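Spelled out, the chains give:
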Amino acid sequence: MVSRIIPVETFDLVVFGGTGDLARRKILPALFKRYCSGQMPEGSQVIGAARSELTEEQYRASVAEALREFAGDAAQDVAAVSGFCDHLHYVAVDARGESGWGDLAALLNEGSVRAFYFSVGPGVYSDLAKGLKRHGLTEANTRIVVEKPFGHDLETAQKLNQELAQYFDESQIYRIDHYLGKETVQNLMAVRFGNMLFEPLWNAQYIDHIQITVAESVGVAGRGEYYERSGAMRDMVQNHLMQLLCLIAMEPPSQFEPDAVRDEKLKVIRALDTVAPHHIVRGQYTAADGADSYREDVDNPRSKTESFIALKCQVNNWRWAGTPFYLRTGKRLSERDSEITVMFKDTPHSIFGDEAGRHRNELNIQLQPNEGITLKVTIKEPGPGGMRLVDVPLDMSFAEALGPKGQGAADAYERLIMDVIRGNQTLFMRDDEVEAAWAWTDPIIRGWEARGDVPKPYDAFSFGPDDAALMMRRDGRNWRGLGK
Ligand code: NAD
């Protein structure tokens, strides 16, 4: 199978926060890999911008080190790293001050696609947008990429949207959610809308329920200050889990085109019901197996912030009436595991009798640690001895089916950054989507605050609080994933 790389125009990508953690771990390695794949046309530039005074040589050396640490085997190729570094520049700019803008302007090429990646803290976003405009660095085809968190609640998200809208058209703003860049997440759309098999069954008549789990085994140490203000609801549910839910639940868009897709996602968010308090379980990890407790990690012995949340919600429309969506995410859980399970209903009548047991089709979309899609189908257990049934997976993992191409699938940041250069907003969140997600999230969080809700403790490296399992069992269901 021949790999088809879609060419991109010559570009200048300025990474504000080019010395920070995200730039070093994700953005620069992603750009390096695209360079290795031949997607950095002659004359393209990657410009790191941050407050530190560094020479170009110092910056290149520090990026080369970051690549060796985070860009995998490709970064062992000294010539490739050096070739990439030839495209690399650095300017010291204070996004909130006056220094450095002229130096940056002098580096930018007329006529290249121009993109500014806001990899700085959210407190800097609007000053940075203003600075770019005020210093004349923007053109009609300039794009900005804005990282999460996009607002802290509806009010702050609206304010930020309004501030950015003063300087940029919505078509220039790329709000990034790296979950949407994952190969499997896009494959979910291919599976749904590229096959006749699934879509006719994709509704409450045939689907019992849907589960989305995003579990991490790491704690919050090192990010405590941010996490204390955020918690799992703001950090994960409002954005990543909500986006996954939208792709599962949305109506087929008329085309795979930015606004057609985003219109359908928006309708899903607006159709979400208000979640009753007894359909939410909040948790906070306690010390276990050598790990400190959440409260120790954030250095706040009275913290009421949740490091875990499980909730049951409903999409109120004809397609989904009666099919619950269960969402679960948390830190310091037993393993790193992100997956979506679409659990189909029982057959209306079993011709094989009670002894054949209960068997269901289950579509499992695995996002982390490995990506792949599995459909469980029921077949006869081989051998004599009557009609015994067994569920076996039809495996659609890319690695085996697509060979080397499947294994070398681009990382989410690689794909999304190239989409920015191409000017394709399909996998980025629109202003109204982000606001609708906050409008759903805010009353839930305000309810906790009003009630003084305290999260349930759970042992570090466990499955989360027992109440999360109980919530499922009350409905006669069980969580998938996390060792099950
Ligand atoms: P960081 O603190 O490691 O880096 C911040 C960078 O911004 C540094 O390069 C710093 O020099 C620069 N900076 C700060 N103020 C500046 C100013 N006034 N002018 C110019 N440069 C300035 O932060 P990070 O972890 O890299 O995160 C960056 C952004 O990405 C944040 O909004 C964060 O929420 C988001 N994000 C980070 C991660 C991650 O894994 N690190 C994941 C998702 C989102």
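The structure displayed is predicted, hence computed values, not measured ones. (Residues numbered from 1 in each chain as written. Predicted model: local features only at pLDDT ≥ 70, side-chain atom pairs only at ≥ 80, totals over all residues. Heavy atoms only, no water.)

K.L.:
So what about the packing of helix α1 (residues 21-36) against helix α13 (residues 412-422)? Which residues, and what values?
P.N.:
Two numbers describe how α1 lies on α13: the axes approach to 8 Å, and their chain directions differ by 70 degrees. When the interaxial angle is binned, α1 and α13 end up roughly perpendicular. In terms of crossing hand, the pair formed by α1 and α13 is right-handed. Residue-level inspection shows L22, K26, I27, A30, L31, K33 and R34 of α1 in contact with α13, the latter providing Y413, E414, I417 and M418. Tallied by class, the residues present in the contact of α1 with α13 amount to seven nonpolar, no polar and four charged. (Axes fitted to C-alpha atoms, helices over the stretch in contact; angles between N-to-C directions. Helix = DSSP H or I, 4+ residues; strand = E, 2+ residues; numbered from the N terminus. Parallel < 35°, antiparallel > 145°, perpendicular 65-115°, else oblique. Left-handed = near helix turned anticlockwise from the far one by under 90°. Contact = heavy atoms within 4.5 Å. Nonpolar A, V, L, I, M, F, W, Y, C, P; charged D, E, K, R; others polar.)

K.L.:
Any chance you could break down the domain arrangement of the chain for me, citing the residues and the numbers?
P.N.:
Domain boundaries in the chain define domain 1 (11-147) and domain 2 (180-474). Once you take the C-alpha centre of each, domain 1 and domain 2 turn out to be 33 Å apart. At the junction of the two partners, domain 1 supplies 16 residues and domain 2 supplies 10 residues. Across the domain 1 to domain 2 interface the summed buried area is about 1200 Å²; carbon plus sulfur atoms make up 72%. Taken together, the connections running from domain 1 to domain 2 amount to one salt bridge. Where E414 meets R34, a salt bridge forms, and the shortest distance between an N and an O atom there is 3.0 Å. (Domains from an automatic or database assignment. Buried area = accessible area lost by both parts, 1.4 Å probe. Salt bridge = Lys/Arg side-chain N within 4 Å of Asp/Glu carboxyl O.)

K.L.:
Now, about the UniProt feature "binding site: NADP(+)" (unreviewed entry) in the chain: what can you tell me, with residues and values included?
P.N.:
Mapped onto this numbering, the UniProt entry annotates "binding site: NADP(+)" (unreviewed entry) at G17, G18, T19, G20, D21, L22, A23, R24, R51 and K148. When the annotated set is filtered for residues lining the largest cavity, what remains is K148. Within the secondary structure layout, G17 lies in the loop between β1 (11-16) and α1. When sequence neighbours within four positions are dropped, the list of residues in contact with R24 reads T19, P29, S62, E65, A66 and F70. (UniProt positions renumbered as here; feature names shortened; annotations may be inferred. 1 Å grid on protein atoms, 1.4 Å probe; cavity = no way out; pocket = protein on both sides within 12 Å on 5 of 7 lines; lining within 4 Å.)

K.L.:
Can you explain the packing of aromatic side chains? Please cite residues and give values.
P.N.:
Taken as a whole and assessed by the stated rule, the structure comprises 13 aromatic pairs. Ring plane angle 80 degrees and centroid distance 5.0 Å describe the contact between Y174 and F428, whose orientation is recorded as edge-to-face. With Y174 in strand β6 (residues 173-175) and F428 in the loop between α13 and α14 (431-451), the pair connects residues that are 254 residues apart, well separated along the chain. Looking at F428, the relative accessible area reads 0%, which means it is buried. Directly above the aromatic system of Y179 lies the positively charged group of K182, at a separation of 5.4 Å from the ring centroid. One Lys or Arg, R282, reaches over the ring of W448 and ends 4.2 Å from the middle of that ring. (Phe/Tyr/Trp six-rings, centres within 6.5 Å; stacked < 30°, edge-to-face > 60°. Buried < 20%, exposed > 50% of the residue type's maximum accessible area, 1.4 Å probe, protein only. Lys NZ or Arg CZ within 6 Å of the ring centre and 35° of its normal.)

K.L.:
An account of the layout of surface pockets is requested, with residue identities and associated values reported.
P.N.:
Estimated volume of the second largest pocket: approximately 540 Å³. Here the lining of the second largest pocket gets three residues from one element, more than from any other, and that element is strand β13 (residues 372-380). Residue classes in the lining of the second largest pocket are distributed as 12 nonpolar, eight polar and four charged. (Points joined across faces, edges and corners; volume = space filled by probe spheres on them.)

K.L.:
How would you summarise the sheet that holds β6 if you had to cite specific residues and measurements?
P.N.:
If you walk across this open sheet you meet the six strands as β3-β2-β1-β4-β5-β6, and the pairing is parallel. Strand pairing shows two members of the sheet lacking a second neighbour, β3 (88-92) and β6, which therefore form its edges. Each adjacent strand pair in this sheet contributes to an overall mean axis angle of 20 degrees, direction not counted. With five bridges joining them, strand β4 (residues 113-118) and strand β5 (residues 142-146) adopt parallel strand pairing. Across the sheet, F118 pairs through a bridge with V146, a residue of β5. Sheet contacts for α1: β1, β2 (45-50), β3 and β4; angle to β1, the most-contacted strand, approximately 170 degrees. (Pairing = 2+ DSSP bridges.)

K.L.:
Report on the nonpolar core, specifying residues and quantitative values.
P.N.:
With 112 residues, the main nonpolar core has L245 and W440 as its most contacted residues. Of all the elements, helix α8 (residues 224-249) adds the most residues to this core, at 13 residues. For this core, the domains that each give at least three residues are domain 1 (11-147) and domain 2 (180-474). The contacts of W440, once residues within four sequence positions are left out, are M233, V237, M242, L272, D273, V275, L311 and C313. Counting 30 residues, the second largest nonpolar core, distinct from the first, contains A49, V91, A157 and L160. (Core = buried A, V, L, I, M, F, W, Y, C linked by side-chain atoms within 4.5 Å.)

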